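Per-entry structural report
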Amino acid sequence: MTSRTADVVPAAAGPARPGRLGGLAVARCLALLGMVATHVLLDFTPEGDLSFSQWLAGGRASALFAVLAGVSLALMTGGREPARGRDRLRASAGLAVRSLLIAGLGLALAEPDSGLAIILTYYGVLFLLGLPFVGLRARTLALLAAGWVVLAPVVSHLVRPDLPVRGFASPAVDQLGDPGRLASELLFTGYYPAVPWLAYLLAGMALGRCDLRNRRLLLALAGGGLALAVLATQVSRAVTDPAVSDQYARGMFGTTPADGDWSWLLLVAPHSATPFDLAQTIGSALLVIAVCLLIERALPDAGVTFLAVLFGAGTMTLTLYSLHVVLRTPEVWPPDDPRAYGWHVLVLLAIGAAFVARGRRGPLEYVVGLPVRALRPADLRNA
């Protein structure tokens, strides 16, 4: 079974409205299309070189989804002013139930033979890990994210040799019978290990606590994100054996080998969860999000509406990701045909545009959002 996918951030659907950060939906849509590219297009050219699609989206699309998950978590718990007291408890309770529903959906989607590593169970756990931090402000969250980038991979490297070895299959329903092994896979040894990946969520939460309508801030985020991504890549390549870097240019399977060799943590390979990988992909995510929000700000109202419909798939990524998993099963769509990429994109964009044009929420977004809407305080329901 292959092990590539991207994170999914359910979002509110509907046409663009005053105050709504439509650029975030554009970023989610780009992450979704990047994920589809890594699943459908070839990793290497006929000459044996890394393909452009894999170079561009490999590792970055999933990181973008995870950072956007953090932005969503911050916006749903008060935005720039974190929810406090009883309001925070109610919002957190709704989000906890939502996370469990998403994790359960991930276990169910692992049953079809899609050949993909399903991220949703990891995503549900990641969201639960983020709930204790929803009371923090942007500066504290940013500092915590920076520290997590460095320390979490070190902790993972220390503990993984003593944890059960996992296979490459996605977490599935039958693994509930062995909760210890399932927990170690979800937290440390799996393809999307939640403990190091919490760095993405914390970075996104810090972003969501900022004024995302401030043009100067967005320009700084775009430049800073680009600089961080380039610096992490170049430093890693300067201190890593070029042959090793080339060997793992396509990526790893969620973690570095648990063989006690600390030099693995210098690698910047996709899905390796090293400090350099986390830093590089956080930087690229910040760049994409900032650029999408800047483009939205630069457009007239008619342009914003057009953008909202064109990239409407970004408002219902949970539904469309689940549909994509089903489409990847051999019984539904012929597998491993790169020529099908355009059709996959067309289907996803068409469905997203239709739902947004009619002001409808994605069906799975509606279901998992029920506990959030039921328990969130009235003043946070339009966040």
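This text follows the structure it describes.
Below: a short report on this structure. (Residues numbered from 1 in each chain as written. Predicted model: local features only at pLDDT ≥ 70, side-chain atom pairs only at ≥ 80, totals over all residues. Heavy atoms only, no water.)

1. Overview of a nonpolar patch on the surface
On the surface, Leu-231, Val-235, Val-239 and Leu-266 cluster together to form a nonpolar patch covering roughly 310 Å² of accessible area. Looking at the secondary structure, you find Leu-266 in the loop between α10 (242-247) and α11 (275-298). On the accessibility criterion, Leu-266 (31% relative accessible area) is partly exposed. (Patch = residues over 30% accessible without salt bridge, like charges linked within 9 Å, V, L, I, M, F, W, Y side chains within 5 Å. Areas by Shrake-Rupley, 256 points an atom, 1.4 Å probe, with all protein chains shown as cover. Salt bridge = Lys/Arg side-chain N within 4 Å of Asp/Glu carboxyl O. Helix = DSSP H or I, 4+ residues; strand = E, 2+ residues; numbered from the N terminus. Buried < 20%, exposed > 50% of the residue type's maximum accessible area, 1.4 Å probe, protein only.)

2. Some points on the environment of Ile-295
Relative to the assigned elements, Ile-295 resides in helix α11. A sequence separation of twelve residues divides Ile-295 from Leu-307, and the C-alpha atoms of the two residues are 9.7 Å apart.

3. Looking at α11
Taking 1.5 Å per residue as the helical rise, α11 with its 24 residues ought to reach 34 Å, and the 35 Å between its terminal C-alpha atoms agrees with that figure. With 18 of its 24 residues buried, α11 lies for the most part within the structure. (Expected span 1.5 Å × (residues − 1).)

4. Observations regarding the pattern of salt bridges
Under the defined criterion, the tally for this structure stands at three salt bridges. The salt bridge involving Asp-211 is made with Arg-80; its shortest N-O contact spans 3.8 Å. On the criterion of sequence distance, the pair formed by Asp-211 in the loop between α8 (194-208) and α9 (215-239) and Arg-80 in the loop between α3 (60-75) and α4 (85-109) is long-range, its members being 131 residues apart. Between Arg-137 and Glu-81 there is a salt bridge, and its shortest N-O distance comes to 3.0 Å. With Arg-137 in the loop between α5 (120-130) and α6 (138-159) and Glu-81 in the loop between α3 and α4, this residue pair connects regions lying 56 residues apart in the sequence. Assessed through its relative accessible area of 39%, Arg-137 is described here as partly exposed.

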